[in-house]
Structure formats: C-alpha cells, structure tokens
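# Geometric and topological summary
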Amino acid sequence: MLGAAACLAGLAGCATFSETIQSTEASLARHQPGAALAAYEKRSSASADRVLDLMNKGMLQRMVGDFDRSTRTLEEAKGLTDELRALSLREQSLSFAINDASKSFIGEDFEQVMVHTYIALNYLEQGQLDPARVEALQIDLLLREKAQRAPDSPYVEDAFARYLTGIIYEDQREWSDAMIAYRKAYEAYQKQLERFGVAIPETLKHDLVRLADRMGLAEEAAGYRKAFGISTTPSEEGLLERGEIILTVHAGLAPIKREQAITVLNPATGRFLRLALPQYRPRGQPLAYARVSAGSQSATTSRVENIDAIAVKSLESEMPAITARAIARMAIKDAAARAASSSDNRSLGGPIAGLAINIAATLAERADTRSWFTLPGEIHLARLSLPPGEYKLRIDLYGRGEGVLDSSELRVALRSGEKKYVSRHWVPNNLEVRP
Amino acid sequence: MIRVVPLRTGLALLALIAAAGCATKVERLDESKAVDLSGAWNDTDSRLVSEEMIRDSLSRAWLQEFRGRPGQTRPAVIVGEVRNMSHEHINVATFTLEMERALINSGKVDFVATKDERKGVREERKDQDLNARGDTRNPMGRELGADFMLTGTINTIVDPSGDTQVRFYQVNMTLISLADNRKVWVGQKDIRKLVTRSKLRF
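Below: a short report on this structure. (Residues numbered from 1 in each chain as written. Chains lettered and ligands numbered in written order. Predicted model: local features only at pLDDT ≥ 70, side-chain atom pairs only at ≥ 80, totals over all residues. Heavy atoms only, no water.)

## Notes on the overall build of chain B
Across its full length, chain B holds five helices and six strands. Of the regular secondary structure in chain B, the N- to C-terminal order runs α-α-α-β-α-β-α-β-β-β-β. Each of the 202 residues in chain B was classed as buried or not, and the buried ones make up 31%. Pairs at least 24 apart in sequence give 67% of the contacts found in chain B among residues at least 6 apart. Accessible area of chain B: about 13,500 Å², with a carbon and sulfur share of 55%. (Helix = DSSP H or I, 4+ residues; strand = E, 2+ residues; numbered from the N terminus. Buried < 20%, exposed > 50% of the residue type's maximum accessible area, 1.4 Å probe, protein only. Contact = heavy atoms within 4.5 Å. Areas by Shrake-Rupley, 256 points an atom, 1.4 Å probe, with all protein chains shown as cover.)

Below, the structure written as structure tokens:
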C-alpha cells in the first residue's frame, strides 16, 4: 500500500506544466528565441506531453528562422495527434486515479488548427506554394470534421485559417476556391465578432470585392462595396502586374493556464480533500497595429486572429466537464483512502496506509495547465502591393499608446505577379513571467 | 541467502523481458506487397500509378504515329512538373522517376535531362572544354531537344464522416508535343480508399 502510494506521488510529480517553462518565457521576453529553444529542450518532460513539446519546439524553431526544422517538428506533432485521438482506457483510468495531466496531450481544437496554419506559413515564407496548398486542404478537412463533431462549440470556424487558405488559393490563381475561402472567412468573422472581438480585416474587405469582380459576380461585388463603403479597389489583373508583400505579425504570447486549487481537511473523516482546476490568465496584448512601408508606400495591419480570446472561450466551454471529472476524482481518491484505512484495523498498518494514500492522492491532484504557450496572443496581417523591383521594407510595430514598440528592416525583390510572405514574431519585454 | 537468489534471478529475467520488448524489430517486405498503415499515400499507390501509366502510355497511338514520321525512331521526352494538388504531402519524385526508368528501359522512348540536371551537365561540359583531352571532349551545342513533355497532377477528394473517410486520388499525366502544344496522350489512374480510424488505443 505504502509503495503504491509512493508510486502515485512519484508518477504525478510535483510541478504543473506552467511552472516548468519560466526560463523559456524569460528568454522570449528578452527577444532571444534561440535561448528559449535551448531552455525548452533542456527541461525534462513526460511522455504524455510529446505533442505539446513538439508544438512548442516547432514554434520556437520558426521564431529562430529555421523553417525546415519547424515544419518537420510540427508535422510530427500532427501525425502523433492523429494517433492519439483514439481513446485510451489505460489513460482514462489513470486520469481518474492521478490527475488530468496524466492523459496524452493532443491540444484543443484551435491548437490543432494552428499547427496546420503555421506549417502553411512556414512553406509560404520559403516560397513553396504547392505544399502550403496541401495544408490549406487539410485545414478545410479538419474544420469540416470539427463542425460535424461539435457544431455548438464556441470555436467551430477559424476565421484566420480560412482567410489564409483564401490567400493561398488566390496565389495559385484558383479563383473560385479563393472566393469560397474568403466568403467563409467573412462569415466566421461576422459570427465570432462578439465572441472573439475581431472585426473583419480591412484587407479581406478588398479581397472579397476584387475576387467577386474577377468571378463576374456583379451583384455580390456590389453588395460588398455597399457594406464596406469601398468605392475603388485594384482589380485582380492590376494586382497581378505588380508584386505583393503579405506581412503577418505574431504578437505577444497566448494566455497561460494557471492552477486554482483548494485543499481542506475534512473534520468528519480526518482526511484531506483537494480540488485543482486550470484557469487561463490572459497576458496583456500591447500591440495595436504594425505598418509595413517601402519608401513612400505603406500598408497598415489589421488584427486577423485573437488567440487570447479563443483560448479563454475554449477552456470556458470545457470547464463543466473538467470540474465534473475533478469532483469525481476527489470522491474516488477519498474512497480509496477510506478503504485502505479500514481494511486492516487490528494493527496500525491500516490507518497509516490510509493516511499515506490520502496524502499521495492529495499531492497528485494538480490541474492540467498544459497549453501551447508559444503561440502568439494575436496575429495581425497586411497586404502591400508594389511595382516589381527591389525594396528595403521597414516594419514598425505600434503600441496601444501610439509609441513605436519595435522596428526592423529587410530586403526583398519582387517580380510582377509574385507574392512574398514575410512575418515578424514579437514578444513584449514586460511579459508577465512567474518568479 | 537462499531467498535472495530467486529474487535476483527474477530481476534478471524481468530485465531480459524488458530489454527484449525494447529491441527494434525489422522485417523485410516484398516490394510488391501492399502494407497500409495510416491510409495516406504510400509506395503501393506510387507503384500502382506508375505501372498503369507506363503500360497505358506505351500502348497508345502517339508512339506509332511518331515512329511513322520520316527519319524518326524514338521520341525524346522530358519530365516537366508533376504538381501535387492533393491534401497530402506526397513525394511525386518517386513515381516520376519510376516512370522514367521503365520508359527508358522499354527502349521505345528517350529521356532528356531535366532543367536542373542539365545545369550540372553543362557545367561539366564547360569544364571539359578547358581541361579534357581533345579526342574525349564533348562539344557544346549538341544537346538532344525533347519532342514531348510529360506533366501531371495528383488530385484528391476526401469525404469524412466521424472516424471513417473515403479518400479518392486521381492522378493525371499528360504528354504534350513541344512542337505544337498538342496533347498526344492523357493517362489517368484513380485510387479509392476507405480509411477507418481506430477508436481505441493502449
């Protein structure tokens, strides 16, 4: 009995996930993704966290600029998620005996879609359009499947993922697919405005008008023009004579789950009871917008995804189930301790075993605080159409108080009809990091 | 003391069992044996498609017609782009190479090097021009121009429902005459798969 109790305590470990990533977070706040990656790779992790580790590593590799490795890592996460989706009875029973964090992590729905989104962005930034299109199709498949499985969940559509697939199809000159994806993105932005607080991006408005014109959908185009108050927008043909810069800014970090726990001594039984639940602590998102400029021409980003809000709402919708499991677990653990203490009343062994099990079970009761914390809090996007040529691009990030948070420059060469995808990851210095 | 020995033996046995469980196991498979693990595009699909394409392309009229032209014996073909328009990351190189190999070995078709390969060959020829002995030198400007270009696409339609999916792959290959853009041959191979995901795991 004692051995079993010790085993239980040993298995569970004593730190929650969010307590093991401080040095990674601190390096990110110092704008050192390389050091963050090294710190993350150094921490020991459980086999149940494989997918989570791959997601975080893939994102950090991307931040360092190693797109190839990032794609491979995220691709591995994707394959493993697929395998782990099947129900494991062993893990289910383990999660009732220990805690939710003993189950294999496969990520929330939005995290799974984000894996595809970031692989697609990796390919796009490397100028590989066809593999990016593969991801676009997979995103479509995944979202369709999710809508079938849980049509009432707060997150059934990913507006930005849809928008990105539209951009990919448009770049492939597949106008009708692009039109459909833009429409779906538009619908999703409208539907989720209240929930996630992301307005329809300015660029998408122009994209809808342009594509509707290109497809010869005069009525639809007129409808968009009226709804968005757009009088003129470059035609598809006009756009193709020029090149285009598509900038994504990945700002801040996704909220992190913290543990909220209460431990009480039940005076009636003399045993401890503990309930530990996860709770998101949103981090501040200081970026207001970014501006990309090439000489006198410039474009301003719109916010296209609010991962901060999506994460919080997703957890909220799952809280009833998580709480129910935690309460059931508390009852099971208490019953086990009671059974142990009353199993052998002739000697002292029974009560001691009961106490040991009670303590071990209480210590093991930790909240599942695992989440893809290296995801950005928000994604912003801008499209800048330029005549063919060589440019020195300047990217300025503006804070909520209009001050410039960060500036950077890069050189790009554009051919006519070519789209170049560039991105910028930025984490604020004053990131809330636990001491 | 007597009691300790069986314990040790037991531990040793346990360790042995554990070690055996961890050892990597390799089993050689026959190339033609179909093994489907995840349901994704694999070597079997690649082989089936290339076999069908080769058989079909060599038995069609374009080859006879080309041979019938005065002074022509074997058409020269170049592999253009085979685009993956499917929902899976597929290595198209494997079956284009397989097709190329089978067509060359059939003796009915010549293949010329692709754009990237030609670059390397030209560099070598340039180098020969400077450094090789006169009688072994291969002069520039005597390359064989291709008569036809082979291009293709892989498309998929996926119909998912819960844990079950029907995956439909369609591979299209086209042979285009470089002289006049005429499509002389279009080959098509369809593959349909029913993939059922496991509901339970260990």
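Having seen it, we continue.
## Some thoughts on the packing of aromatic side chains
All names here are of chain A. Scanning all chains against the criterion turns up twelve aromatic pairs over all chains. Summarising the aromatic geometry, the rings of F110 and Y155 are spaced 6.3 Å apart at their centres and angled 75° between planes, so their arrangement reads as edge-to-face. Taken together, the residues span a long stretch of sequence, with F110 in helix α7 (residues 109-125) and Y155 in the loop between α8 (129-149) and α9 (159-171) at a distance of 45 residues. Assigned by exposure class, F110 and Y155 land together as buried. (Phe/Tyr/Trp six-rings, centres within 6.5 Å; stacked < 30°, edge-to-face > 60°.)

## Some words on the nonpolar core
Core analysis: the largest hydrophobic core is formed by 89 residues, its most contacted members being Y163(A), Y189(A), L204(A) and L375(A). Setting aside anything within four residues of it in sequence, one finds Y163(A) in contact with Y182(A), A185(A), Y189(A), P201(A), T203(A), L204(A), D207(A), V304(A), L381(A) and R383(A). Core analysis: the second largest hydrophobic core is formed by 28 residues, V82(B), V92(B), F111(B) and I191(B) among them. (Core = buried A, V, L, I, M, F, W, Y, C linked by side-chain atoms within 4.5 Å.)

## Focus: helix α3 (residues 33-42) of chain A
Residues and elements named next belong to chain A. Residues of α3 that are buried include every one of A36, L37, A39 and Y40, and no others. Projection of α3 onto a plane perpendicular to its axis shows the buried side chains occupying an angular sector of 165°, all on one side. Where the residues of α3 are buried, they touch α2 (22-29), α4 (50-64) and α5 (67-84). (Arc of directions from axis to C-beta.)

## Things to note about the sheet that holds strand β4 (residues 164-177) of chain B
All names here are of chain B. The sheet built from five strands is open, its strands ordered β2-β1-β3-β4-β5 with mixed pairing. The outermost strands of the open sheet, each flanked by one partner alone, are β2 (110-111) and β5 (183-196). Two strands pair when backbone bridges link them, and strand β1 (residues 76-85) and strand β3 (residues 148-161) are joined in this way by seven bridges, in the parallel orientation. Within β3, the position partnered with N84 by the bridge is I154. Contacts from helix α2 (residues 43-58) reach β4 and β5, with the element oriented near 155° to β5. (Pairing = 2+ DSSP bridges. Axes fitted to C-alpha atoms, helices over the stretch in contact; angles between N-to-C directions.)

## Describing the interface of chain B and chain A
The partner chain A presents 27 residues to the 20 residues of chain B that form the contact. Between chain B and chain A, a total of about 1,900 Å² is buried, with carbon and sulfur atoms accounting for 47% of that surface. Per-residue buried area on chain B facing chain A is highest for H89(B), R197(B) and R201(B); these three make up 38% of the total on that side. Taken together, chain B and chain A are joined by three salt bridges. (Buried area = accessible area lost by both parts, 1.4 Å probe. Salt bridge = Lys/Arg side-chain N within 4 Å of Asp/Glu carboxyl O.)

## As for the sheet that holds strand β6 (residues 297-300) of chain A
Sheets are built from strands paired through backbone hydrogen bonds, the pairs being either parallel or antiparallel. Residues and elements named next belong to chain A. Across the sheet, which stays open at both edges, the four strands sit in the order β6-β5-β9-β10 with antiparallel pairing between neighbours. On the outer flanks of this sheet lie β6 and β10 (404-414), each paired with one strand and no other. Averaged over neighbouring strand pairs, the angle between their axes works out to 20° when direction is ignored. Relative to strand β9 (residues 389-399), strand β5 (residues 287-294) is paired through six bridges, and the arrangement is antiparallel. Across the sheet, R291 pairs through a bridge with D396, a residue of β9.

## Brief notes about the packing of α3(A) against α4(A)
All names here are of chain A. For the pair α3 and α4, the least separation of the axes is 8 Å and the interaxial angle reads 160°. In terms of orientation, α3 and α4 fall into the roughly antiparallel class. Note that α3 runs across α4; the crossing there is left-handed. In contact with P33, G34, A36, L37, Y40 and E41 of α3, α4 contributes L52, D53, N56, K57, L60, Q61, M63 and V64. Partitioning the contact of α3 with α4 into residue classes produces eight nonpolar, three polar and three charged. (Parallel < 35°, antiparallel > 145°, perpendicular 65-115°, else oblique. Left-handed = near helix turned anticlockwise from the far one by under 90°. Nonpolar A, V, L, I, M, F, W, Y, C, P; charged D, E, K, R; others polar.)

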